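Remarks on the overall topology
One-letter residues, chain by chain:
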Amino acid sequence: RVEFELLGRRFTVKSEAPPEYVREMVAHVERTLKGLKGEGSHDPVKLAVLAALYITDELHRAREARSQEAGEAAKRVGALVELLDKVAPPSPLSA
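Our subject in this report is the structure included herewith. All residue numbers refer to position in the chain's written sequence, counted from 1. Residues qualify for local features only when their pLDDT is at least 70, as the model is predicted, and side-chain atom pairs are given and counted only at 80 or more; totals for whole chains, interfaces and linings, by contrast, use all residues. Hydrogens and water molecules were not included; the side-chain quantities draw on all heavy atoms of the structure.

1. Focus on the overall build of the protein
Stated precisely, the cut-off is as follows: Counting from the N terminus, the helices are the DSSP runs of H or I reaching at least four residues and the strands are the DSSP runs of E reaching at least two. For the radius of gyration, the atoms used are the C-alpha atoms, and the globule rule reads 2.2 Å times the number of residues raised to 0.38. When a residue's accessible area, from a 1.4 Å probe over protein chains only, is under 20% of the maximum for its type it is buried; when over 50% it is exposed; and in between it is partly exposed. Residues count as neighbours in contact if any of their non-hydrogen atoms are within 4.5 Å of one another. For every accessible area listed, the method is Shrake-Rupley and the probe measures 1.4 Å; residues are considered covered only by the protein chains on display.
Looking only at helices and strands, the protein has two helices and two strands in total. Along the protein, helices and strands appear, N-terminal first, in the series β-β-α-α. Against the compact-globule benchmark of 12 Å for 95 residues, the protein has a radius of gyration of 24 Å, which places it well outside the compact range. Expressed as lengths along the three principal axes of its C-alpha atoms, the size of the protein is roughly 70 × 30 × 15 Å. Split into buried and exposed, the 95 residues of the protein put 12% on the buried side. A sequence separation of at least 24 residues applies to 26% of the contacts in the protein between residues at least 6 apart. Summed over its atoms, the accessible surface of the protein is roughly 7,900 Å², and 59% of this surface lies on carbon and sulfur atoms.

Structural data, given as structure tokens:
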């Protein structure tokens, strides 16, 4: 159980994750909210929705970047396998 405050309200979260991890997530949300408050909005519901959108955007961009990196790595491995096949063709015993 982790208790915290966001936007002037107290929350209690039950999680299997360690409390330190939950606090890190809360800190990330707080930083996002603080940045949004700096843009002028102070309506808690609007701030919460905007924070959710910002954080979701971060998640999608990170997933997309990871997917692209995995694709690039697969291409590089394929190119290396082709190069190895040219330099050292498989022996008849391994076929």
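What follows picks up the thread again.
2. Some remarks on the packing of aromatic side chains
Each pair of aromatic rings is reported with the distance of its centres and the angle of its planes. Applied cut-off: Any Phe, Tyr or Trp ring, taking Trp's six-membered ring, that has another such ring centre within 6.5 Å forms a pair; planes under 30 degrees apart are called stacked, those over 60 apart edge-to-face, and the others tilted.
Applying the stated criterion across every chain, the model contains one aromatic pair. Between the aromatic rings of Phe4 and Phe11, the centroid separation amounts to 5.6 Å while the plane-to-plane angle is 20°, which identifies the pairing as stacked. With a relative accessible area of 32%, Phe11 lands in the partly exposed category.

3. Here's the deal with the environment of Glu5
Within the fold, Glu5 resides in strand S1 (residues 2-6). A residue is classified by how much of its surface remains accessible, and Glu5, at 42% relative accessible area, is partly exposed. Each C-alpha atom of the pair Glu5 and Val26 lies 8.8 Å from the other, and the pair is 21 residues apart in sequence.

4. What about a nonpolar patch on the surface?
Inclusion rule: Patch building starts from residues that exceed 30% relative accessible area and form no salt bridge, then joins like charges within 9 Å and nonpolar side chains (Val, Leu, Ile, Met, Phe, Trp, Tyr) within 5 Å. Take a side-chain nitrogen of Lys or Arg and a carboxyl oxygen of Asp or Glu: if they are within 4 Å of each other, that pair is a salt bridge.
A grouping of Val45, Val49 and Leu53 is seen on the molecular surface, where their side chains present a nonpolar patch of about 290 Å² in accessible area. Residue position: Val49 is located in helix H2 (residues 44-87). Among the residues examined, Val49 registers a relative accessible area of 46% and is labelled partly exposed.

5. Remarks on helix H1 (residues 19-37)
The criterion, for reference: Each helix should span, by expectation, one fewer than its residue count multiplied by 1.5 Å.
With 19 residues, H1 extends 26 Å from end C-alpha to end C-alpha; this agrees with the ideal 27 Å at 1.5 Å per step. Of the surrounding secondary structure, the elements contacted by the buried residues of H1 are S1 and H2.

6. Comments concerning the pattern of salt bridges
Enumeration over the complete set of coordinates arrives at three salt bridges. Notably, a salt bridge pairs Glu3 with Arg10, separated by 3.4 Å at the nearest N-O pair. The residues Glu3 and Arg10 share a single accessibility class, namely exposed. Arg10 is paired through a salt bridge with Glu5; the nearest N and O atoms lie 3.9 Å apart. What emerges from the salt-bridge pattern is a single network uniting Glu3, Glu5 and Arg10.

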